Each structure stands twice: as C-alpha cells, then as structure tokens.
Amino acid sequence: MQQGMYTPKAEVWDQEFDPVMVILRTVYRRDVQSAMDRYTAFLKQNGKFPGNPWPPYKKRTPLHPSYKGLMRLLHCKTLHIVLFTLLYKILMDHQNLSEHVLCMVLYLIELGLENSADEESDEEASVCGPERCHDSWFPGSNLVANMRHFINYVRVRVPETAPEVKRDSPASTSSDSLGSLQNSGTAQVFSLVAERRKKFQEIINRSSNEANQVVRPKTSSKWSAPGSAPQLTTAILEIKESILSLLIKLHHKLSGKQNSYYPPWLDDIEILIQPEIPKYSHGDGITAVERILLKAALQSRMNKRIIEEICRKVTPPVPPRKVTAAEKKTLDKEERRQKARERQQKLLAEFASRQKSFMETAMDVDSPENDIPMEITTAEPQVSEAVYDCVICGQSGPSSEDRPTGLVVLLQASSVLGQCRDNTEPKKLPITEEEQIYPWDTCAAVHDVRLSLLQRYFKDSSCLLAVSIGWEGGVYVQTCGHTLHIDCHKSYMESLRNDQVLQGFSVDKGEFTCPLCRQFANSVLPCYPGSNMENNLWQRPSNKSLQDLIKEVEELQGRPGAFPSETNLSKEMESVMKDIKNTTQKKYRDYSKTPGSPDNDFLFMYSVARTNLELELIHRGGNLCSGGASTAGKRSCLNQLFHVLALHMRLYSIDSEFNPWGKLTQLEEMNSQLGNEEQQPEVPILYHDVTSLLLIQILMMPQPLRKDHFTCIVKVLFALLYTQALVALSVKCNEEDRSAWKHTGALKKNTCDAEKSYKVLLSFVISELSKGKLYHEEGAQECAMVSPIAWSSESMEKYLQDFCLPFLRITSLLQHHLFGEDLPSCQEEEEFSVLSSCLGLLPTFYQTEHPFISASCLDWPVPAFDIIAQWCSEINSFTERHAEQGKALLIQESRWKLPHLLQLPENYNTIFQYYHRKTCSVCTKVPKDPAVCLVCGTFVCLKGLCCKQQSYCECVLHSQNCGAGTGIFLLVNASVIIIIRGHRFCLWGSVYLDAHGEEDRDLRRGKPLYICKERYKVLEQQWISHTFDHINKRWGPHYNGL
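Residues numbered from 1 in each chain as written. Predicted model: local features only at pLDDT ≥ 70, side-chain atom pairs only at ≥ 80, totals over all residues. Heavy atoms only, no water.

A. Expanded view of the overall build of the protein. When its secondary structure is counted, the protein shows 35 helices and 19 strands. Looking at the protein as a whole, 46% of its 1042 residues qualify as buried. For the protein, the exposed area adds up to about 55,300 Å²; of that, 51% sits on carbon and sulfur atoms. (Helix = DSSP H or I, 4+ residues; strand = E, 2+ residues; numbered from the N terminus. Buried < 20%, exposed > 50% of the residue type's maximum accessible area, 1.4 Å probe, protein only. Areas by Shrake-Rupley, 256 points an atom, 1.4 Å probe, with all protein chains shown as cover.)

B. The arrangement of the environment of Ser242 in detail. Residue position: Ser242 is located in the loop between β4 (232–241) and α8 (243–255). For the pair formed by Ser242 and Leu87, sequence separation is 155 residues and the distance between their alpha carbons is 9.9 Å. Each residue touching Ser242, except ones within four places of it in the same chain, is listed here: Phe84, Met147, Arg148, His149 and Phe150. (Contact = heavy atoms within 4.5 Å.)

C. Representation of helix α31 (residues 883–890). Those residues of α31 not exposed but buried are Ala883, Gly886, Lys887, Leu889 and Leu890. On an axial view of α31, the arc spanned by its buried residues comes to 160°, and they lie on one face. (Arc of directions from axis to C-beta.)

D. Representation of the sheet that holds strand β16 (residues 984–989) within the structure. Pairing within the open sheet is antiparallel, and its six strands lie in the order β13-β12-β14-β15-β16-β19. The open sheet terminates on both sides in strands that have one partner only, identified here as β13 (939–941) and β19 (1036–1037). Bridge analysis of strand β12 (residues 930–933) against strand β14 (residues 966–971) gives three bridges, and the strand direction is antiparallel. The residue of β14 that forms the bridge with Cys933 is Phe969. Of the strands in this sheet, β12, β13 and β14 are in contact with helix α32 (residues 908–915), which crosses β14 at around 95°. (Pairing = 2+ DSSP bridges. Axes fitted to C-alpha atoms, helices over the stretch in contact; angles between N-to-C directions.)

E. Representation of the packing of helix α5 (residues 99–114) against α8. Remark: α5 packs on α8, axes separated minimally by 13 Å, with the N-to-C direction vectors making an angle of 135°. Classified by the angle their axes make, α5 and α8 are oblique. The two elements α5 and α8 meet at a crossing, and its hand is left-handed. On the side of α5, the interface is formed by Leu102, Leu106 and Ile109, while α8 contributes Ile243, Leu247, Leu250 and Leu254. Residue composition of the contact of α5 with α8, grouped by class: seven nonpolar, no polar and no charged. (Parallel < 35°, antiparallel > 145°, perpendicular 65-115°, else oblique. Left-handed = near helix turned anticlockwise from the far one by under 90°. Nonpolar A, V, L, I, M, F, W, Y, C, P; charged D, E, K, R; others polar.)

F. Structural detail: the sheet that holds strand β8 (residues 474–485). The three strands are arranged β8-β7-β11 in an open sheet whose pairing can be described as antiparallel. This sheet does not close on itself; its edge strands, each paired only once, are β8 and β11 (523–526). Averaged over all adjacent pairs, the angle separating strand axes in this sheet is 40°, with direction ignored. As paired elements, strand β7 (residues 405–414) and β11 share four bridges and run antiparallel to each other. Along β11, the bridge assignment pairs Leu407 with Leu525. Of the strands in this sheet, β7, β8 and β11 are in contact with helix α19 (residues 568–583), which crosses β11 at around 130°.

G. Local environment of the side chain of Thr584. Along the chain, the position of Thr584 falls in the loop between α19 and α20 (598–619). Engagement of the side chain of Thr584 in a polar contact is seen with the backbone oxygen of Gly473, the distance being 2.8 Å. When neighbours within four sequence positions are excluded, Thr584 is seen to be in contact with Ala413, Gly473, Val475, Arg589 and Phe604. (Polar contact = N/O pair within 3.5 Å; in protein donor to acceptor, adjacent residues only side chain to side chain.)

H. How the structure looks around helix α14 (residues 443–457). The terminal C-alpha atoms of α14 lie 22 Å apart, and with 15 residues this matches the ideal 21 Å at 1.5 Å per residue to within 8%. Those residues of α14 that are buried lie in contact with α15 (460–463), α30 (864–879) and α31. (Expected span 1.5 Å × (residues − 1).)

I. The arrangement of the packing of aromatic side chains in detail. Scanning the model with the defined rule gives 22 aromatic pairs in all. With a centroid separation of 4.9 Å and an interplanar angle of 40°, the aromatic rings of Phe17 and Tyr39 are classed as tilted. Taken together, the positions of Phe17 in the loop between α1 (10–16) and α2 (19–25) and Tyr39 in helix α3 (residues 29–45) put the pair 22 residues apart, joining distant regions of the chain. Residue classification places Tyr39 among the buried positions, given a relative accessible area of 1%. (Phe/Tyr/Trp six-rings, centres within 6.5 Å; stacked < 30°, edge-to-face > 60°.)

If you want it as structure tokens, here you go:
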C-alpha cells in the first residue's frame, strides 16, 4: 500500500455501510458522529440528498420469519393512542420531545402501513387478536382505518384553576369525519400512565399463578403525586384531530410554510396506478410525512378522500396543472432570492440596533464642569455593567455576588522564565566529553543566589518583600476567552464524572475541556462584578499634587482588608486561590526560614502576577515596540487574576513600621543600626527589587485602583529605580572615572535643575557612598565588576535607560490590563521615551526636539539629595561589615535575553554516536532507552528502574526539577521527542528528517537524518507559549514510569 489517506468507494457506502449497526455497536459516540458525518457528505456529494438524513437511512432488509409476530404490535389500539399523543404534543411544541422521538413515531407509522392487511375489512377486525386494555379512542385495531378517525374530545387531569379547558361533557366525543363511523363512547384520559396502572396490575394478577401468595396494596384509580399542592380534576379537552390531519399540519410545520402539502396524485393520477415508492429513501421529516400520506392514500380510498378534504379546507381549490422543469427552476430562484432578502433585512436591523446602542454608550460622556448641576437634575447617567455569555446555558448577563461568572482558565507551573540567560548566543547540546552546560548564568540561579544572600544577612520577613519568586515553578494562567456560570460549571463537571468515556484528562483533579472550543482547562477564574461607568470614573484625571496623592495612597494602604461576606463569589475566589497554590510544588512557594509563615503566601501571590506579566512580555518578543492590545486579545485574564490576588493580599497587613512606602516617601531620623548586633537589620531600600515593590503597592490598594494613584506609585518607584541605576553605574566604573564624575557634578549641584540631571545625581551618589567601604574593596572581585568600556555621556545615558527599561515595560503592561489603555507602537530606540510618556512620567511641557534625557522623567516626592543620602546611609551601614557582599547585591542583571531550547547539531548521527553508549551518571550503566533533556542537556534513563527514586522514574523526576512538571526529552534510540506535562505524556514527533522530509522513528530504515529548523522552532514556540496541552491531543497517563 502507498502512503496516503484511503476513503471508502461509493458502492461501499451504498451496499456495505449500515448506519443502524454503527449506532448500536460502536462504543464511543465520537466515532458514530464521525461515521455519520462522512456518510452525509457522501450523500450530498452524489446528489442523493442535500440535507441531513433521518433514520432508518436505508432500505430495510427482509425480516426473519421468526420475528414477524412482532409486527402484530403495530396494529394495537394502545400503540395508536401513544402515536397520536406524541404527534399532538410534537405539533404543540412540547419541550421534552426531541427530533429523535419524531423519527421513531414516523418510522412506526410507516412500518405499520407496510405490514397492514391487503384489503381493509368493513368489520375492522383486529389483526392482533382481542386486546386486554379496552379504549374508546379508536373503533378498531387496523392502523389504516384508525389514521382517518377523528378524536374530538379527551378527558385530561388538570388543576382546578386551569381556565382553558372545557368542563361540560359534549354530546359526542369521538366521530369519523365523514360520519360513516360513529362512536358514542368518550375518549379516555390523555396521560396513559396513571389510568393504566390498575389495568396492567389486574392483567398480571389474572395471568400469574403465584399472585395469591403476594400481598399488594390496592391501587386507587385516582392517583396524585404526594405533596402536590394543586388538586387535579378531570376535564374535557377539545382536540378535533386525526392522525392524518396531524401529519399534514406537521408537514406545514417542518417546511415552515403554510399549505405546504399538496396531494401529488391531483397532478399525476399515474402515481396511484403505478406507484414507485421505495421502502425507505434518504430524506428528512418532510419526505417521511409525504411517503406516509401517499401510502395511506394507496391503501384506502377513504383515506385518499379525507386527505384531499383536509388540504381543501386550508387551501382554496386549484386547478391541477403540471409544473414544467423551467417553471420549477424559476420558482426555486425566486424562493432563494426571497430568503436572501429576508436574511439581509434581518442583518441590517440587527446592525442598526447595535449601532444605536453603541452610539448611546459612546455619547454618554461627562459634561463640562458648568453643566454638572444641570446634568444631575435632568437625568442620571446610565450604568452599563460588563455582560458575559455562558457557553453552557447560553444566557447573557453580568457577574454577580450570588451567581458569579468565570473565565475558563488553565493553571500550570512554569520554569520558562528561569531559563533566560544574559548571553545572546544559545547554548549547544553537549556532544563531547569536554562540552558541559552549567546553569550558573540562568535567571533562576541568579535570583536564588540573591535571595540566599539576602536571607543570610537580613531579617527573613524583610527579604521576602525585597524579591520575587516564580522564576522556577511559577504559576502561569491562560484562558481561551470563554466564560460560564460557576453553577453551570459544577453541573458540567458532574456530567463529566458520570461519563465513563474519558481520555486524556482527570476529572478528579479538576481537569476538563472548554464546552465550546474543547481547549484543555483545569479551573475557573471568577469575574469581579463591576460597571463600565465605574471604570471610567476611576480613570478621571485629577489636579492633585504628588504630595497629596502620596498621603492618600498611605491612608488607603493602612486600611485593614476584610474578606467579603460569605457569598458565592467570595467562595469561588477562595477556591481558585487554592487551585493556584496547588498548581506548583511546595518547594517553589516556600522560601521562608519559618515553615508555614504567612510571608510565604504574601510573596507567592504577588509573584504570580509578576510571572504572568514577565511571560506576556516574552510572548511579545521581549519589548513593547509593536504596541497594540494583548497578544492574546480577548484571551487575557490578568485583570480578573489581579482582582483575586488583591482580594487575598489585602488580608495580609504590612506593619506601617516595615512598609517600604514610608522609606520611599518620607525622611527619617538617622538611627544607628549597629546598636543591636543580635537582631538582623531590614533590607536596605536600594537592595529591593523595584518591580516587586510596584506589585506589592498596587495589590495592597483597594480595588478598583484610581489612575492617579497608580501614576503616583510609578513616579515614586521610578525615583528609587533611577537611584539604583546610578549606584550600579558607579560600582561598574573604576576609581578614576568616579573621581572625575564626583567633581564634575558637584559644580552643578546648586543649579535649578540639579534634581533632574544624572551627572549631578551621580556625583552626589558617589560622594555619599564614598563615606562607607563600598569602593575600598580592591582585588579580583572588583576587577570582574568593572566594565572595560570607556564611559561617555551617550554610553552612560544608554546604560541608565537599559537599566530602567524592564521596569517600564512591566509597568506599561500592568497599566494596559488595569485600565484598558492600548500600548503605542514605536521604534526600538524610542521605546524608553514612549513608555515614559505613556506612564505619565514625562512632563506635558517637555520639548521633544532636544536630545532625550532619562533624568527628565524624575519627580521626587521629597528633596532628592536628602532621600538619596538616607538610602545611601543604609548601604554604608551594611558595607562597614560586608563590603564584598554589599557590592554584589547592588549589581542587578536586568537585561535578560529570551529563553531558548538547546541548539542541536545538524546531523543526527552526531547525537546518536555520543549518547547511545553513554553511561548514566546516577546508576553508572548504559541505559536501554537513553534520553536527553532539550532544556538543560541532562542525560537520563527512560523507564529505567535503576534510577527510580520514591516511585518516580528519572524522566518524570527530572521534569519536576527542571521544568516544574514540564519536560522535553529526545529519545536517542528513536529520534522522537516526548513531552511530559504533569501526570500525562505524549509523543510530539521528530525534528530530524531524512532527505525526503520524512521521519525515521525507531531508526528502522537507517537513513541519514538532518535537523528540521522549522519543526524545532515550532517546538520551542510551544514550550515558550505553554501550548503543549492545547495543540497536542494524544495524551496519556505515565504513572510515574518514564
């Protein structure tokens, strides 16, 4: 066989395919749907039927003689009553009757007509013998005769308050339409269950020999549900229908047109003489009704006359005329044009309605100040709440405290940020003994060393406020953008638990697929109730000074946070916070020296926000030059995530004595920190991570946050960041440069713009830090820190901007998600100035024709030289004892490059020759199935019991340590890449192909294989964007055995 896709031939679909057998014998419903979709496509392609066919789809095979007795059930009055009842309820749009029920009803009627007696007897003899359940609905048991029998009234059990039911017993309740068959009886109760319970019980007791040994309570003919409030009474319901009339009206309903059925024999009498009616042909409900009516007319002249009379009552008599093919084609064109015009008018009306609502919303703007009193007295502004569509129940509405709406999200642990390096050249996969990869220069390793160094010399609680975690094992939150009600989600999860056909995910662990797009997810993020008007009010600009805003921020942060009342929204927010914590391992969120300390939770929560912002920045390419909205568009869930994090962080109050906001905005009396040697000091403010301080200050504020408060916090923190950049610059240069800058800047200290001149500020920083021992440590350590370049004004300005750019990018992203402002696009060299202007750091009167200076963005809350002297004194106090460590903490690497997988060699034979005989470093044996991690280059044993630790095989254990549960491994003996994600795994494919572009799995063909850079780039992109769960579908549990 040649490689390719094979499809069944036309004769296979016609002769061999049996849809009923597929439905009855197939285990999985998706296989049934797939088969029926292909069969329907075949019918449309061959012109046999343009729509979706109804059961039984094909001609029925001859019935075995042993089962022909079952056909007698088709001529049973009880069955005819059931069919009449179902047809009537379907015509009346009963809510519990589906299309499948209608298919079965029409099928049974057609089957009964095919198996009726050849000639209809006048005595209406029963085909199936005497019935035990007598009824007055129909006079006999012959289906052909019963189809034309009209039922005028029936008795029903209804509440006494029902106004629409007649309670007067009519003179005649059942009659034939032509008066040939009169019945003086009364049609019995419409519901068969209650009235027939006693009759069936009597039949069973009469036919059973052991009935006397069993004592049964006597059932009452008047049955009512226990505890039912309304009293039921027997009433008379007017029907005046027959099975034939119900079928004709059903034809009108299915076609959507009045008087749609026209007897075909009126145009061509040969249809009755030489009928060509197959037993079953492809068609829908309309075709089935037409076949039934034609067969009923063929079998009885009286049925034919009744059908003509029913159609004549609703349709005026039309002279029989045969429509030609050309006229039929013209009519079809006119009908299609009319439908197209109706659709166009409907769309135009919908667009006009949307345009009107949009204009009403857009024109609802704040009037000028002099019109405010008139606006208050004349009309109130309309408050429009955010509306969400539930993809399960289909209802639209705002999220509320009682019935919250949530976003479908996927929570997963990520270590992608930890693989960022400060080197632009990607690391290569080792293929010799001399080549090794050391993780010392990764982002995760640098931050771990910094945190350990801080915890060694400073108070632990202060250290956990000075850094961020999540570089390894951080929680990344992503969404498909679809929303649903929380209660609908719980019902959906219950249905998944009851469904036995589940593959690829575990419902017990909260995993599911989005009901609409089938994207993998494991939690629901509640949407905080809010209105668009309220968000607009928070974004109003204010004319308050910076000092007033600083006081307001301090007061708002000082208010104790309280968990809201016990509502469904608060419960779900608490639940999703537990899900976020349980997503990653404990070692990635417990960094405190005291286990169980609340400082761990505080650090973890604002680090989750930092992780998601940093990852979005990576997804944008590492900068914001492209601008625009979020890379995922509506799929961003950071706004809802910030609400959940802020709600929980407000519960952890920071003592005002240790709140960094006071050190940033207030001058304190200089107290010696050397008095108490036993107690560890607080972390100096210049050692704090400014981005972490930003998230702490933002999330500690009451939500929603005002735009002017946000800008105030950014301005205060930018002053600290700029001071850190000046300090780092002074450490990087040599003693001669420091001396020259110190004297140059001192001459301009008394000028008017001294606080916005980086030369003056750098001179003051050097003079303040020279009072300590920071610059006195000489040796190899200082030589390594000193930059070899010659510093000029341009290079110094570029260094300061590069130092501050990561903070500006994260802050701009945060502003974009909190307030919905789009990011402006710009050139790479203009990114600093554009982001500064977007954040409100640049003054409005700044002239852009001059060369841009980063110091012009500074807005000091207190006199600059006083606050800088206070911050530098903390550094001097620490460097008196630990000068080397103090200098190392000041050098912060902020320019991390984008993460990459290891660079692979061009020829696969190079990898195979080195690794297939390499010994494992753990068991010192040659693995049977060797594998290599493509993230860090570690050599591991796949499914090796020799390296098993605590019931975890080596690949699974390495995926937890290297990627927080995500591992990408190259199987050396198979040239295939395997992906491990949590408790699941899948085969991704191969990135090495032969000369014809084909894989060689398990190396069976022995062809030379070469790297496919396009495939490897796709693999790397899926790793960075965390889309393994969405793109790869063939997942399976690994049971810790890889």
